[in-house]
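# What the coordinates show
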2 protein chains.
Amino acid sequence: MAVGGTRPGGRTARVRTAVLNAAGDALVEHGFDRLDLADVARRAEVGKTTVYRRWGTVTGLVADLLADMAEQSLPRTDNGSLIEDLRANARLVQRTLVDQRQGALFRAVIVAATCDSRAAEALHHFYAVRIAEWTPCVEQAIQRAELPPGTDPAEVIRAVSAPLYYRLLLSGDPIDDATAERAAQAAAAAARAGVYTTAGDSR
Amino acid sequence: MAVGGTRPGGRTARVRTAVLNAAGDALVEHGFDRLDLADVARRAEVGKTTVYRRWGTVTGLVADLLADMAEQSLPRTDNGSLIEDLRANARLVQRTLVDQRQGALFRAVIVAATCDSRAAEALHHFYAVRIAEWTPCVEQAIQRAELPPGTDPAEVIRAVSAPLYYRLLLSGDPIDDATAERAAQAAAAAARAGVYTTAGDSR
DNA sequence: TCATTAAAGGGACTGCGGTTCCGTTAAGGT
DNA sequence: ACCTTAACGGAACCGCAGTCCCTTTAATGA
């Protein structure tokens, strides 16, 4: 007999992906604040009760959606030099944010994080992982003596993304190729100048 | 007789400030998604109907709140050198975002902008004005030959804020003095390296 | 001071997001 | 193949955010 234990079998998994996809669609169409769980259930061809039981709230659902997105992260490519690596990273982020669907999802997920602590935790984890994936390229640059020793790798990677997100969320300016290029160049210039060394400030 | 025309007299203005203050309090306490207009009305000691009639939606109210915030912007100080000016700017933004009330308000306003086009417009205008206030310090730096000619002033100022907002919204890392200092130094280093020149890239 | 009329107030009403209850389906162990 | 039970589904139900309607207040001009 089947005593205790969770049941991650076929149906449950199928429902989860269906609901997560539907939630993504609904978010892209209506945005975070107009998200109706009953509508998600309808799109997923799933009982409304199921959605409420398993996810409960909009932020809970979005948090799970984020966890799902985190699983399918593409590995970074090695491009030989710091600036090439940072450029590749900037382009990747740019493409993601500009993409109709992905951009809307990111906006929704960020919004959810400001409202709900679980979503916030998921988001912070997501970015911690993403950043960690790219830190090796900075470490390599330090070994190549492209950057001063003691440079904080994570800070360099974050510096590449920051201007792009600034445009996405605050200024509304387009996130074009030139923006990505500038973001990569700026991070590289600041890093070379020793701004991100943990020890101290070297002008 | 009083024919036509709006009536911006005492009571109306009094109601507006009362509601805006109450909305701010409620936002700080509950956050954007838990904002209830009836609750705002209660706090403002104003009829629920009035709030719905004049602002209609949560995003509408937040948009007006932002417009109100835009009016009371403090003028920038002149600190003699580029790095000192950027440092002052970074500190100002840092203080604002760290402040319990202001930080929550900014988060709410940014969230509203992702949901509602009017709020988005208000937000973009707000930052355009804020940025414009600080561009003179970059222009002065160009004249002093601290920066290469052709440097885009707005881009430099945005570069200072971007890492701070990144922490506020995405990573959740603390926005401390060191962060502000690094933001100012990084923007200055990138600008000196010619990253923000419109002409082209001077590595 | 008085007439006029924006604008605010109060309270009943309603549509819908979210919950509850209970019957049905299928995963998975034996 | 069969039994057990986690998980899903349908539908009635409920409370409250948002609307409507009508009354009251006070800003403004003559």
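- Labelled according to an unreviewed UniProt entry, chain A appears under the name Transcriptional regulator, originating from Paractinoplanes ferrugineus.

## Here's the deal with the overall build of chain A
- Looking only at helices and strands, chain A features nine helices and zero strands.
- Reading chain A from its N terminus to its C terminus gives the helix and strand order α-α-α-α-α-α-α-α-α.
- Structurally, chain A occupies a C-alpha span of about 65 × 45 × 30 Å along its principal axes.
- Going through the 203 residues of chain A one by one, you find that 49% of them count as buried.
- With an accessible surface of roughly 9,500 Å², chain A has 50% of that area assigned to carbon and sulfur atoms.
- For chain A, the separation between the mean place of its 24 positive charges and that of its 25 negative charges on side chains is 5 Å.

## Structural notes on the relation of the copies chain B and chain A
- You can overlay chain B on chain A at an RMSD of 0.1 Å; the transform is a turn of 180° with a shift of 0.0 Å along its axis. Accordingly, the operation relating the two chain copies is best matched by a two-fold axis.
- Interface overlap between copies: 97% of the residues of chain B at the interface are likewise at the interface in chain A, consistent with a symmetric, same-surface contact.

## A closer look at the domain arrangement of chain A
Residue and element names in this part refer to chain A.
- Splitting chain A by domain gives domain 1 (11–70) and domain 2 (77–192).
- Here the C-alpha centre of domain 2 lies 27 Å away from the C-alpha centre of domain 1.
- Listed by partner, the interface residues are 15 residues for domain 1 and 16 residues for domain 2.
- Looking at the side of domain 1 facing domain 2, the largest losses of area belong to Val28, Leu66 and Met69, adding up to 42% of the total buried there.

## What about the UniProt feature "DNA-binding region" (unreviewed entry) in chain A?
- The feature "DNA-binding region" (unreviewed entry), as given by UniProt, occupies residues 36–55 of chain A in the numbering adopted here.
- The annotated region residues 36–55 of chain A carries 80% helix and 0% strand content, and the separation between its end C-alpha atoms amounts to 13 Å.

## Considerations on the packing of helix α6 (residues 100–115) of chain A against helix α6 (residues 100–115) of chain B
- For the pair α6 of chain A and α6 of chain B, interaxial distance at closest approach is 10 Å and the crossing angle is 150°. Taken as axis vectors, α6 of chain A and α6 of chain B run roughly antiparallel relative to one another. Crossing geometry of α6 of chain A relative to α6 of chain B is assigned as left-handed. Where α6 of chain A abuts α6 of chain B, its residues Arg107, Val111 and Thr114 of chain A lie against Arg107, Val111 and Thr114 of chain B.

## Considerations on the packing of helix α5 (residues 82–98) of chain B against helix α8 (residues 153–171) of chain B
Residues and elements named next belong to chain B.
- Taken N-terminus to C-terminus, the directions of α5 and α8 make an angle of 30°; their axes are 10 Å apart at the nearest point. Classified by the angle between their axes, α5 and α8 sit roughly parallel to one another. Handedness of the crossing formed by α5 with α8: right-handed. When α5 is examined against α8, the residues Leu86, Asn89, Ala90, Val93, Gln94 and Leu97 are found in contact with a partner set consisting of Val156, Ile157, Val160, Ser161, Leu164, Tyr165 and Leu168.

## A look at helix α4 (residues 58–71) of chain B
All names here are of chain B.
- Along its 14 residues, α4 runs 20 Å from first to last C-alpha, staying within 8% of the 20 Å computed at 1.5 Å per residue.
- The buried fraction of α4 is high, at 11 of 14 residues.
- Residues of α4 that are buried include every one of Val58, Thr59, Gly60, Leu61, Val62, Ala63, Asp64, Leu65, Leu66, Asp68 and Met69, and no others.
- Packing partners of the buried residues in α4 comprise α1 (10–30), α2 (37–44), α3 (48–55), α6 and α7 (117–143).

About the criteria used
- Residue positions within a chain follow its written sequence, with the count starting from 1.
- The naming scheme follows written order: chains are lettered A onward, ligands numbered 1 onward.
- Local features in this predicted model are restricted to residues whose pLDDT is 70 or higher, and side-chain atom pairs enter the listing and the counts only when it is 80 or higher, whereas totals over whole chains, interfaces and linings include all residues.
- Side-chain metrics rest on all non-hydrogen atoms present in the structure, leaving aside hydrogens and water.
- Runs of E in the DSSP output that reach at least two residues are strands. Runs of H or I that reach at least four are helices, and both are numbered from the N terminus.
- Burial classification: accessible surface area is computed with a 1.4 Å probe over protein chains only, and a residue below 20% of its type maximum counts as buried, one above 50% as exposed, and the rest as partly exposed.
- The protein chains shown are the only cover counted for residues, whose accessible areas, like all others here, come from Shrake-Rupley with a 1.4 Å probe.
- His is not counted, nor are the chain ends; Lys and Arg add positive charge and Asp and Glu add negative charge.
- For charged residues, the charge sits on one atom: NZ in Lys, CZ in Arg, CG in Asp, CD in Glu.
- The least-squares superposition of copies is restricted to C-alpha atoms, and to residues with a pLDDT of at least 70 in both copies.
- Working rule for contacts: check all heavy atoms of both residues, and any pair within 4.5 Å makes them a contact.
- Domain boundaries shown here were taken from an automatic or database domain assignment.
- The term buried area means the drop in 1.4 Å probe accessible area that two parts suffer when joined, counted for both and summed.
- UniProt positions are given in the numbering used here, feature names are shortened, and annotations may be inferred rather than shown by experiment.
- Think of each axis as a best-fit line through the C-alpha atoms, taken over the contacting stretch in the case of a helix, with angles from 0 to 180 degrees between the N-to-C directions.
- Relative orientations are named as follows: roughly parallel for angles under 35 degrees, roughly antiparallel for angles over 145 degrees, roughly perpendicular for angles from 65 to 115 degrees, and oblique for any other angle.
- Handedness of a helix crossing follows the sense of rotation of the near helix relative to the far helix, less than a right angle counterclockwise being left-handed and clockwise being right-handed.
- The length a helix should cover is 1.5 Å for every residue beyond the first.

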